[in-house]
Amino acid sequence: MEKSILITGGAGFIGSHVVSLFVNKYPDYKIVNLDCLTYAGNLENLKEIEGAENYTFEKVDIMDEVSLKKVFEDHNITDVIHLAAESHVDRSISDPLAFVKTNVIGTVNLLNVAKSYWKDYSKHLFYHISTDEVYGSLDDGGFFLETTPYDPQSPYSASKASSDHFVRAYSNTYKLRTVISNCSNNYGPNQFPEKLIPLCINNIKNNKPLPVYGKGENIRDWLYVVDHARAIDVVFHSGKNGETYNIGGFNEWKNIDIVKVLCKIMDKKLERESGTSEKLITFVKDRAGHDHRYAIDASKIQQELGWEPSLQFEEGIEKTVDWYLQNQEWLENVTSGNYQKYYEAHYE
Ligand code: NAD
Ligand code: DAU
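These numbers come from a predicted model, not from an experiment. (Residues numbered from 1 in each chain as written. Chains lettered and ligands numbered in written order. Predicted model: local features only at pLDDT ≥ 70, side-chain atom pairs only at ≥ 80, totals over all residues. Heavy atoms only, no water.)

1. Some thoughts on the overall build of the protein chain
Worth spelling out the cut-off: Each helix is a run of H or I in the DSSP string that is no shorter than four residues. Each strand is a run of E no shorter than two, and both are numbered from the N terminus. We compute the radius of gyration over the C-alpha atoms and compare it with the globule rule, which gives 2.2 Å times the number of residues raised to the power 0.38. Relative accessibility decides the category of a residue: with a 1.4 Å probe and only protein chains considered, values under 20% of the type maximum give buried, values over 50% give exposed, and everything between is partly exposed. Contacts are assigned to residue pairs with any non-hydrogen atoms lying within 4.5 Å of each other. Only the protein chains shown count as cover for residues, and the accessible areas themselves come from Shrake-Rupley with a 1.4 Å probe.
Regarding its fold elements, the protein chain presents 12 helices and 12 strands. Scaling as 2.2 N^0.38, a compact globule of 348 residues should have a C-alpha radius of gyration of about 20 Å, and the protein chain matches this with 20 Å. Per-residue burial for the protein chain yields a buried fraction of 55% across its 348 residues. In the protein chain, of all internal contacts separated by at least 6 residues, the share reaching a separation of at least 24 is 82%. Accessible surface, the protein chain: about 15000 Å² in total, of which carbon and sulfur atoms supply 48%.

So, in C-alpha coordinates, the structure goes:
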(Lines give C-alpha, C1' and ligand atoms only; values in the text may rest on other atoms or scores of the structure.)
(Ligands and ions follow the chains in the order given, each with its own letter.)
Protein backbone atom coordinates (compact mmCIF):
# COMPACT_ATOMS: atom_id res chain seq x y z
CA MET A 1 0.00 0.00 0.00
CA GLU A 2 1.26 3.45 -0.94
CA LYS A 3 0.16 5.05 2.35
CA SER A 4 -1.39 3.79 5.55
CA ILE A 5 -3.51 6.64 6.89
CA LEU A 6 -4.88 6.76 10.40
CA ILE A 7 -8.16 8.68 10.41
CA THR A 8 -9.36 9.35 13.97
CA GLY A 9 -13.02 9.97 14.71
CA GLY A 10 -14.01 8.21 11.50
CA ALA A 11 -17.28 6.89 12.93
CA GLY A 12 -18.52 10.42 13.60
CA PHE A 13 -20.30 12.87 11.35
CA ILE A 14 -17.47 14.46 9.34
CA GLY A 15 -15.03 11.58 9.86
CA SER A 16 -17.41 9.09 8.23
CA HIS A 17 -17.52 11.20 5.06
CA VAL A 18 -13.73 11.56 5.05
CA VAL A 19 -13.21 7.80 5.54
CA SER A 20 -15.72 6.96 2.78
CA LEU A 21 -14.14 9.42 0.36
CA PHE A 22 -10.59 8.13 0.97
CA VAL A 23 -11.57 4.44 0.89
CA ASN A 24 -13.42 4.86 -2.42
CA LYS A 25 -11.04 7.30 -4.10
CA TYR A 26 -7.70 5.78 -3.08
CA PRO A 27 -7.72 1.97 -3.38
CA ASP A 28 -3.91 2.05 -3.00
CA TYR A 29 -4.10 3.62 0.46
CA LYS A 30 -4.84 1.60 3.55
CA ILE A 31 -7.40 3.52 5.64
CA VAL A 32 -7.40 2.80 9.36
CA ASN A 33 -10.39 4.30 11.13
CA LEU A 34 -9.66 4.73 14.83
CA ASP A 35 -12.59 5.64 17.04
CA CYS A 36 -13.62 4.76 20.60
CA LEU A 37 -17.33 5.02 19.71
CA THR A 38 -18.63 7.61 22.13
CA TYR A 39 -22.32 8.54 21.89
CA ALA A 40 -21.34 10.38 18.65
CA GLY A 41 -19.60 7.44 16.98
CA ASN A 42 -21.82 5.29 14.80
CA LEU A 43 -20.45 2.51 12.61
CA GLU A 44 -23.71 2.44 10.66
CA ASN A 45 -22.33 5.58 9.01
CA LEU A 46 -19.78 3.34 7.28
CA LYS A 47 -21.99 0.43 6.25
CA GLU A 48 -21.28 0.98 2.56
CA ILE A 49 -17.50 0.70 2.83
CA GLU A 50 -16.98 -1.57 5.84
CA GLY A 51 -16.22 -4.57 3.61
CA ALA A 52 -13.66 -2.74 1.46
CA GLU A 53 -10.21 -4.37 1.25
CA ASN A 54 -8.35 -1.18 2.04
CA TYR A 55 -10.42 -0.39 5.18
CA THR A 56 -9.89 -1.39 8.82
CA PHE A 57 -11.59 -0.29 12.01
CA GLU A 58 -9.84 -0.02 15.39
CA LYS A 59 -11.93 0.62 18.51
CA VAL A 60 -9.40 2.64 20.50
CA ASP A 61 -9.51 5.75 22.69
CA ILE A 62 -6.97 8.43 21.76
CA MET A 63 -6.26 8.74 25.50
CA ASP A 64 -4.87 5.18 25.47
CA GLU A 65 -1.20 5.51 24.55
CA VAL A 66 -0.38 1.79 24.63
CA SER A 67 -3.17 0.89 22.21
CA LEU A 68 -2.32 3.83 19.96
CA LYS A 69 1.29 2.63 19.69
CA LYS A 70 0.08 -0.85 18.78
CA VAL A 71 -2.14 0.56 16.03
CA PHE A 72 0.80 2.50 14.57
CA GLU A 73 2.95 -0.65 14.64
CA ASP A 74 0.30 -3.09 13.40
CA HIS A 75 -0.62 -0.90 10.42
CA ASN A 76 2.70 0.88 9.85
CA ILE A 77 0.88 4.21 9.94
CA THR A 78 2.42 6.76 7.55
CA ASP A 79 0.07 9.73 8.08
CA VAL A 80 -2.63 10.94 10.46
CA ILE A 81 -5.84 12.85 9.79
CA HIS A 82 -7.10 13.72 13.25
CA LEU A 83 -10.83 14.39 13.68
CA ALA A 84 -11.65 12.59 16.95
CA ALA A 85 -13.02 15.11 19.42
CA GLU A 86 -15.86 16.02 21.67
CA SER A 87 -17.69 18.35 19.29
CA HIS A 88 -20.85 19.76 20.85
CA VAL A 89 -20.68 23.24 22.43
CA ASP A 90 -23.66 22.69 24.78
CA ARG A 91 -22.05 19.54 26.20
CA SER A 92 -18.81 21.47 26.76
CA ILE A 93 -20.73 23.95 28.89
CA SER A 94 -22.03 21.21 31.18
CA ASP A 95 -18.84 19.06 31.20
CA PRO A 96 -15.71 21.03 30.20
CA LEU A 97 -13.28 18.43 31.54
CA ALA A 98 -14.42 15.79 29.05
CA PHE A 99 -13.35 18.25 26.32
CA VAL A 100 -9.95 18.86 27.91
CA LYS A 101 -9.39 15.11 28.14
CA THR A 102 -10.20 14.14 24.56
CA ASN A 103 -9.47 17.32 22.65
CA VAL A 104 -6.33 18.45 24.46
CA ILE A 105 -4.76 15.45 26.21
CA GLY A 106 -5.94 13.01 23.53
CA THR A 107 -4.40 15.15 20.79
CA VAL A 108 -1.09 15.49 22.65
CA ASN A 109 -1.08 11.73 23.20
CA LEU A 110 -1.53 11.15 19.48
CA LEU A 111 1.17 13.69 18.63
CA ASN A 112 3.57 11.90 21.01
CA VAL A 113 2.91 8.50 19.50
CA ALA A 114 3.36 9.83 15.94
CA LYS A 115 6.53 11.69 17.00
CA SER A 116 8.13 8.59 18.47
CA TYR A 117 6.95 6.09 15.83
CA TRP A 118 7.99 8.08 12.77
CA LYS A 119 11.72 8.30 12.09
CA ASP A 120 12.09 10.54 9.05
CA TYR A 121 9.51 13.33 9.54
CA SER A 122 9.84 14.49 5.94
CA LYS A 123 7.93 11.36 4.88
CA HIS A 124 4.89 11.77 7.15
CA LEU A 125 2.08 14.23 7.82
CA PHE A 126 0.02 14.96 10.94
CA TYR A 127 -3.13 16.75 9.73
CA HIS A 128 -5.27 18.26 12.48
CA ILE A 129 -8.93 19.12 11.81
CA SER A 130 -10.06 22.21 13.66
CA THR A 131 -12.88 24.71 13.76
CA ASP A 132 -13.55 28.37 13.02
CA GLU A 133 -14.76 28.74 16.64
CA VAL A 134 -11.13 29.14 17.81
CA TYR A 135 -11.19 32.67 16.35
CA GLY A 136 -14.00 33.76 18.70
CA SER A 137 -17.07 35.73 17.76
CA LEU A 138 -17.53 38.39 15.05
CA ASP A 139 -19.73 41.48 15.08
CA ASP A 140 -21.80 42.06 11.98
CA GLY A 141 -18.77 42.90 9.76
CA GLY A 142 -15.55 41.15 8.74
CA PHE A 143 -14.38 37.58 8.31
CA PHE A 144 -12.08 35.10 10.02
CA LEU A 145 -8.73 34.92 8.21
CA GLU A 146 -5.95 32.40 8.87
CA THR A 147 -4.11 35.29 10.58
CA THR A 148 -7.00 36.24 12.91
CA PRO A 149 -5.77 35.95 16.52
CA TYR A 150 -7.26 33.10 18.53
CA ASP A 151 -9.98 34.19 20.97
CA PRO A 152 -12.00 31.09 21.96
CA GLN A 153 -15.13 31.78 23.98
CA SER A 154 -16.60 28.39 24.94
CA PRO A 155 -14.99 25.42 26.71
CA TYR A 156 -15.28 23.53 23.39
CA SER A 157 -13.47 26.19 21.38
CA ALA A 158 -10.89 26.69 24.15
CA SER A 159 -10.09 22.97 23.98
CA LYS A 160 -9.83 23.04 20.17
CA ALA A 161 -7.64 26.17 20.29
CA SER A 162 -5.39 24.45 22.81
CA SER A 163 -5.04 21.37 20.59
CA ASP A 164 -4.21 23.61 17.58
CA HIS A 165 -1.48 25.30 19.66
CA PHE A 166 -0.01 21.91 20.57
CA VAL A 167 0.07 20.84 16.92
CA ARG A 168 1.91 24.06 16.00
CA ALA A 169 4.25 23.61 18.98
CA TYR A 170 5.17 20.10 17.76
CA SER A 171 5.82 21.48 14.30
CA ASN A 172 8.07 24.22 15.67
CA THR A 173 9.83 22.24 18.41
CA TYR A 174 10.21 18.76 16.95
CA LYS A 175 9.83 19.62 13.24
CA LEU A 176 6.91 17.23 12.82
CA ARG A 177 5.24 17.92 9.43
CA THR A 178 1.81 19.29 10.27
CA VAL A 179 -1.10 21.09 8.68
CA ILE A 180 -4.28 22.47 10.28
CA SER A 181 -7.59 23.40 8.72
CA ASN A 182 -10.34 25.41 10.43
CA CYS A 183 -13.81 24.86 9.04
CA SER A 184 -17.17 26.53 9.53
CA ASN A 185 -20.43 24.75 10.52
CA ASN A 186 -21.05 21.53 8.60
CA TYR A 187 -24.43 20.07 7.71
CA GLY A 188 -25.50 16.92 5.86
CA PRO A 189 -26.09 13.18 6.33
CA ASN A 190 -24.85 11.34 9.47
CA GLN A 191 -24.93 14.36 11.82
CA PHE A 192 -26.03 13.50 15.35
CA PRO A 193 -29.45 15.06 16.02
CA GLU A 194 -28.22 17.20 18.89
CA LYS A 195 -26.96 19.79 16.39
CA LEU A 196 -29.31 22.48 15.07
CA ILE A 197 -30.15 21.18 11.57
CA PRO A 198 -30.76 17.44 12.24
CA LEU A 199 -32.45 18.31 15.54
CA CYS A 200 -34.96 20.51 13.72
CA ILE A 201 -35.55 17.98 10.93
CA ASN A 202 -36.21 15.26 13.50
CA ASN A 203 -38.45 17.47 15.64
CA ILE A 204 -40.49 18.73 12.70
CA LYS A 205 -41.03 15.14 11.58
CA ASN A 206 -42.26 14.25 15.09
CA ASN A 207 -44.25 17.47 15.66
CA LYS A 208 -42.03 18.51 18.55
CA PRO A 209 -40.98 22.07 19.51
CA LEU A 210 -38.03 23.62 17.66
CA PRO A 211 -35.87 25.20 20.40
CA VAL A 212 -34.31 28.41 19.08
CA TYR A 213 -31.77 29.92 21.49
CA GLY A 214 -32.34 33.60 22.39
CA LYS A 215 -33.89 35.49 19.51
CA GLY A 216 -32.40 33.29 16.80
CA GLU A 217 -30.27 36.23 15.61
CA ASN A 218 -26.91 34.42 15.89
CA ILE A 219 -25.21 33.78 12.58
CA ARG A 220 -23.45 30.63 11.39
CA ASP A 221 -21.66 29.94 8.11
CA TRP A 222 -22.80 26.59 6.67
CA LEU A 223 -20.92 24.11 4.47
CA TYR A 224 -22.15 20.77 3.09
CA VAL A 225 -20.15 18.02 4.82
CA VAL A 226 -19.07 16.32 1.59
CA ASP A 227 -17.48 19.60 0.50
CA HIS A 228 -15.55 19.67 3.79
CA ALA A 229 -14.37 16.10 3.12
CA ARG A 230 -13.27 17.17 -0.39
CA ALA A 231 -11.36 20.09 1.14
CA ILE A 232 -9.64 17.73 3.60
CA ASP A 233 -8.56 15.55 0.66
CA VAL A 234 -7.08 18.61 -1.06
CA VAL A 235 -5.31 19.92 2.05
CA PHE A 236 -3.96 16.44 2.88
CA HIS A 237 -2.42 16.07 -0.57
CA SER A 238 -1.41 19.65 -1.40
CA GLY A 239 -1.34 21.67 1.84
CA LYS A 240 2.06 23.12 2.77
CA ASN A 241 3.94 22.05 5.87
CA GLY A 242 3.13 24.23 8.89
CA GLU A 243 0.26 26.06 7.14
CA THR A 244 -3.31 26.71 8.20
CA TYR A 245 -6.26 26.69 5.79
CA ASN A 246 -9.69 28.11 6.52
CA ILE A 247 -12.55 26.15 4.94
CA GLY A 248 -16.01 27.62 4.33
CA GLY A 249 -18.57 28.33 1.67
CA PHE A 250 -19.30 32.06 2.19
CA ASN A 251 -22.78 31.02 3.29
CA GLU A 252 -24.01 32.90 6.35
CA TRP A 253 -27.45 32.40 7.87
CA LYS A 254 -29.24 33.66 10.96
CA ASN A 255 -30.38 30.64 13.00
CA ILE A 256 -34.03 31.66 12.79
CA ASP A 257 -33.84 31.86 9.01
CA ILE A 258 -32.29 28.40 8.76
CA VAL A 259 -35.06 27.01 10.95
CA LYS A 260 -37.70 28.67 8.77
CA VAL A 261 -36.13 27.26 5.59
CA LEU A 262 -36.26 23.78 7.14
CA CYS A 263 -39.91 24.31 8.11
CA LYS A 264 -40.81 25.28 4.52
CA ILE A 265 -39.00 22.32 2.96
CA MET A 266 -40.48 19.88 5.46
CA ASP A 267 -44.03 21.20 4.99
CA LYS A 268 -43.65 20.48 1.29
CA LYS A 269 -42.03 17.04 1.69
CA LEU A 270 -44.51 15.91 4.35
CA GLU A 271 -47.40 17.41 2.39
CA ARG A 272 -48.46 19.55 5.31
CA GLU A 273 -50.29 22.84 4.90
CA SER A 274 -47.81 25.71 4.40
CA GLY A 275 -46.94 27.33 7.77
CA THR A 276 -47.65 24.19 9.84
CA SER A 277 -44.05 23.51 10.93
CA GLU A 278 -43.25 27.17 11.75
CA LYS A 279 -45.80 26.92 14.55
CA LEU A 280 -43.35 24.57 16.29
CA ILE A 281 -40.69 27.30 16.65
CA THR A 282 -40.11 27.98 20.37
CA PHE A 283 -37.72 30.65 21.61
CA VAL A 284 -35.81 29.28 24.61
CA LYS A 285 -33.15 30.50 27.05
CA ASP A 286 -29.97 31.51 25.23
CA ARG A 287 -26.80 29.37 25.26
CA ALA A 288 -24.36 30.70 27.89
CA GLY A 289 -21.71 32.88 26.23
CA HIS A 290 -23.34 32.30 22.82
CA ASP A 291 -20.99 33.47 20.02
CA HIS A 292 -22.80 36.02 17.86
CA ARG A 293 -21.38 35.35 14.39
CA TYR A 294 -18.92 33.12 12.55
CA ALA A 295 -17.85 33.86 8.97
CA ILE A 296 -14.93 32.24 7.19
CA ASP A 297 -12.86 33.87 4.48
CA ALA A 298 -11.94 30.82 2.40
CA SER A 299 -9.90 32.72 -0.23
CA LYS A 300 -6.59 31.06 0.68
CA ILE A 301 -7.69 27.46 0.06
CA GLN A 302 -9.55 28.56 -3.06
CA GLN A 303 -6.62 30.48 -4.55
CA GLU A 304 -3.69 28.36 -3.39
CA LEU A 305 -5.17 24.85 -3.54
CA GLY A 306 -8.00 25.34 -6.04
CA TRP A 307 -10.77 23.99 -3.77
CA GLU A 308 -14.26 25.35 -3.83
CA PRO A 309 -17.64 24.05 -2.65
CA SER A 310 -19.47 21.91 -5.18
CA LEU A 311 -22.99 22.49 -3.82
CA GLN A 312 -25.12 25.58 -3.42
CA PHE A 313 -26.87 25.74 -0.03
CA GLU A 314 -30.36 25.31 -1.54
CA GLU A 315 -29.28 22.02 -3.12
CA GLY A 316 -27.34 20.83 -0.04
CA ILE A 317 -30.14 21.47 2.42
CA GLU A 318 -32.70 19.73 0.19
CA LYS A 319 -30.39 16.69 -0.11
CA THR A 320 -29.92 16.72 3.66
CA VAL A 321 -33.66 16.75 4.41
CA ASP A 322 -34.19 13.97 1.85
CA TRP A 323 -31.42 11.89 3.46
CA TYR A 324 -32.96 12.13 6.94
CA LEU A 325 -36.43 11.34 5.61
CA GLN A 326 -35.12 8.34 3.68
CA ASN A 327 -33.04 7.13 6.62
CA GLN A 328 -35.64 7.02 9.36
CA GLU A 329 -34.13 3.81 10.68
CA TRP A 330 -30.75 5.54 11.17
CA LEU A 331 -32.51 8.34 13.04
CA GLU A 332 -34.53 5.90 15.13
CA ASN A 333 -31.42 3.88 16.02
CA VAL A 334 -29.59 7.05 16.99
CA THR A 335 -32.38 8.46 19.11
CA SER A 336 -33.14 5.11 20.79
CA GLY A 337 -29.48 4.26 21.40
CA ASN A 338 -29.69 1.08 19.27
CA TYR A 339 -26.79 2.17 17.05
CA GLN A 340 -24.44 1.47 19.95
CA LYS A 341 -25.03 -2.25 19.50
CA TYR A 342 -23.71 -2.19 15.91
CA TYR A 343 -20.09 -2.80 16.94
CA GLU A 344 -20.92 -5.90 19.01
CA ALA A 345 -23.18 -7.27 16.27
CA HIS A 346 -20.72 -6.73 13.39
CA TYR A 347 -17.22 -6.75 14.86
CA GLU A 348 -17.16 -9.01 17.92
P1 NAD B 1 -18.72 14.05 15.99
O2 NAD B 1 -18.99 14.37 17.42
O3 NAD B 1 -19.83 13.73 15.07
O4 NAD B 1 -17.69 12.83 15.91
C5 NAD B 1 -16.57 12.72 16.76
C6 NAD B 1 -16.03 11.30 16.64
O7 NAD B 1 -14.87 11.20 17.49
C8 NAD B 1 -17.02 10.24 17.14
O9 NAD B 1 -17.05 9.15 16.23
C10 NAD B 1 -16.47 9.81 18.49
O11 NAD B 1 -16.77 8.47 18.81
C12 NAD B 1 -14.97 10.02 18.26
N13 NAD B 1 -14.27 10.26 19.54
C14 NAD B 1 -14.61 11.14 20.52
N15 NAD B 1 -13.75 11.03 21.54
C16 NAD B 1 -12.83 10.08 21.20
C17 NAD B 1 -11.70 9.53 21.84
N18 NAD B 1 -11.33 9.93 23.06
N19 NAD B 1 -10.99 8.58 21.20
C20 NAD B 1 -11.37 8.15 19.97
N21 NAD B 1 -12.45 8.61 19.32
C22 NAD B 1 -13.17 9.58 19.92
O23 NAD B 1 -17.86 15.28 15.47
P24 NAD B 1 -17.84 15.98 14.03
O25 NAD B 1 -18.88 17.01 14.00
O26 NAD B 1 -17.77 14.95 12.98
O27 NAD B 1 -16.44 16.73 14.12
C28 NAD B 1 -15.23 16.07 13.74
C29 NAD B 1 -14.07 17.04 13.91
O30 NAD B 1 -14.27 18.18 13.09
C31 NAD B 1 -13.90 17.55 15.34
O32 NAD B 1 -12.51 17.64 15.59
C33 NAD B 1 -14.54 18.93 15.31
O34 NAD B 1 -13.94 19.77 16.26
C35 NAD B 1 -14.23 19.36 13.89
N36 NAD B 1 -15.18 20.31 13.28
C37 NAD B 1 -16.53 20.06 13.29
C38 NAD B 1 -17.38 20.94 12.63
C39 NAD B 1 -18.88 20.70 12.57
O40 NAD B 1 -19.61 21.55 12.09
N41 NAD B 1 -19.39 19.57 13.03
C42 NAD B 1 -16.87 22.07 11.99
C43 NAD B 1 -15.50 22.30 12.02
C44 NAD B 1 -14.65 21.40 12.65
O1 DAU C 1 -18.42 26.47 13.59
C2 DAU C 1 -18.03 25.14 13.63
C3 DAU C 1 -18.69 24.43 14.80
O4 DAU C 1 -20.06 24.25 14.45
C5 DAU C 1 -18.05 23.09 15.11
O6 DAU C 1 -16.72 23.30 15.53
C7 DAU C 1 -18.83 22.36 16.21
O8 DAU C 1 -18.27 21.09 16.42
C9 DAU C 1 -20.27 22.22 15.75
O10 DAU C 1 -21.04 21.60 16.77
C11 DAU C 1 -20.86 23.57 15.39
O12 DAU C 1 -21.05 24.38 16.57
P13 DAU C 1 -22.36 25.27 16.80
O14 DAU C 1 -22.52 25.50 18.24
O15 DAU C 1 -22.35 26.45 15.88
O16 DAU C 1 -23.48 24.22 16.23
P17 DAU C 1 -24.94 23.86 16.76
O18 DAU C 1 -25.60 23.05 15.71
O19 DAU C 1 -24.91 23.33 18.16
O20 DAU C 1 -25.67 25.28 16.83
C21 DAU C 1 -25.81 26.08 15.67
C22 DAU C 1 -26.47 27.38 16.10
O23 DAU C 1 -27.84 27.09 16.48
C24 DAU C 1 -25.85 28.02 17.33
O25 DAU C 1 -25.89 29.44 17.19
C26 DAU C 1 -26.72 27.58 18.48
C27 DAU C 1 -28.09 27.45 17.84
N28 DAU C 1 -28.95 26.40 18.39
C29 DAU C 1 -28.44 25.14 18.54
C30 DAU C 1 -29.22 24.12 19.05
C31 DAU C 1 -28.64 22.73 19.25
C32 DAU C 1 -30.29 26.67 18.71
O33 DAU C 1 -30.75 27.81 18.55
N34 DAU C 1 -31.06 25.66 19.21
C35 DAU C 1 -30.58 24.39 19.40
O36 DAU C 1 -31.34 23.50 19.88
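2. Notes on the packing of helix H2 (residues 65-75) against helix H4 (residues 96-117)
For the record, the criterion: Lines are fitted to the C-alpha atoms to define the axes, a helix being fitted only along its stretch in contact, and any angle between axes, read from their N-to-C directions, falls within 0 to 180 degrees. Should an angle fall under 35 degrees it is taken as roughly parallel, and over 145 as roughly antiparallel, whereas 65 to 115 is taken as roughly perpendicular and any remaining angle as oblique. What makes a crossing left-handed is the near helix being turned counterclockwise from the far one by less than a right angle; a clockwise turn instead makes it right-handed. Think of it as three bins: nonpolar holds Ala, Val, Leu, Ile, Met, Phe, Trp, Tyr, Cys and Pro, charged holds Asp, Glu, Lys and Arg, and polar takes everything else, Gly as well.
Taken N-terminus to C-terminus, the directions of H2 and H4 make an angle of 40°; their axes are 10 Å apart at the nearest point. One way to sum up the angle between H2 and H4 is to call them oblique. Handedness of the crossing formed by H2 with H4: right-handed. Contacts between H2 and H4 involve Glu65, Leu68, Lys69, Phe72 and Glu73 on the former and, on the latter, Asn109, Leu110, Val113, Ala114 and Tyr117. Here the contact of H2 with H4 is built from residues that sort into six nonpolar, one polar and three charged.

3. Description of unusual backbone geometry
Positive phi, normally seen in glycine, also occurs at Asn190, with a value near 80°. Of note, Asn190 is situated in the loop between strand E7 (185-187) and helix H6 (196-205). Residues other than glycine seldom take positive phi values, yet Phe250 does so here, at roughly 50°. Within the secondary structure, Phe250 is located in the loop between strand E10 (244-247) and strand E11 (252-254).

4. Some remarks on the environment of Gly15
With respect to the secondary-structure elements, Gly15 resides in helix H1 (residues 13-25). On the basis of relative accessibility, which here comes to 2%, the residue Gly15 falls in the buried class. Not counting residues up to four positions away in its chain, the partners in contact with Gly15 are Gly9, Gly10 and Leu83.

5. Comments concerning the UniProt feature "domain: NAD(P)-binding" (unreviewed entry) in the protein chain
Operational definition: UniProt positions are given in the numbering used here, feature names are shortened, and annotations may be inferred rather than shown by experiment.
Sites flagged by UniProt as "domain: NAD(P)-binding" (unreviewed entry) map to residues 6-320. In residues 6-320, the share of helix is 40% and the share of strand is 18%. The end C-alpha atoms are 28 Å apart.

6. What to know about the pattern of salt bridges
Heads up, the condition is: For this analysis, a salt bridge means a side-chain nitrogen from Lys or Arg found within 4 Å of a carboxyl oxygen belonging to Asp or Glu.
Under the definition given, this model contains 14 salt bridges. Here Asp90 and Arg287 are joined by a salt bridge, their closest N and O atoms 2.7 Å apart. Remark: Arg287 occurs in the loop between strand E12 (281-284) and helix H9 (299-305) and Asp90 occurs in helix H3 (residues 89-94); sequence separation between them is 197 residues. Take Asp90: its relative accessible area is 22%, and that puts it in the partly exposed class. Between Arg91 and Glu194 there is a salt bridge, and its shortest N-O distance comes to 2.7 Å. Note that Arg91 is positioned in helix H3 and Glu194 in the loop between E7 and H6, a separation of 103 residues in sequence. Beyond isolated ion pairs, a larger network of salt bridges with shared partners links Arg91, Glu194 and Lys195.

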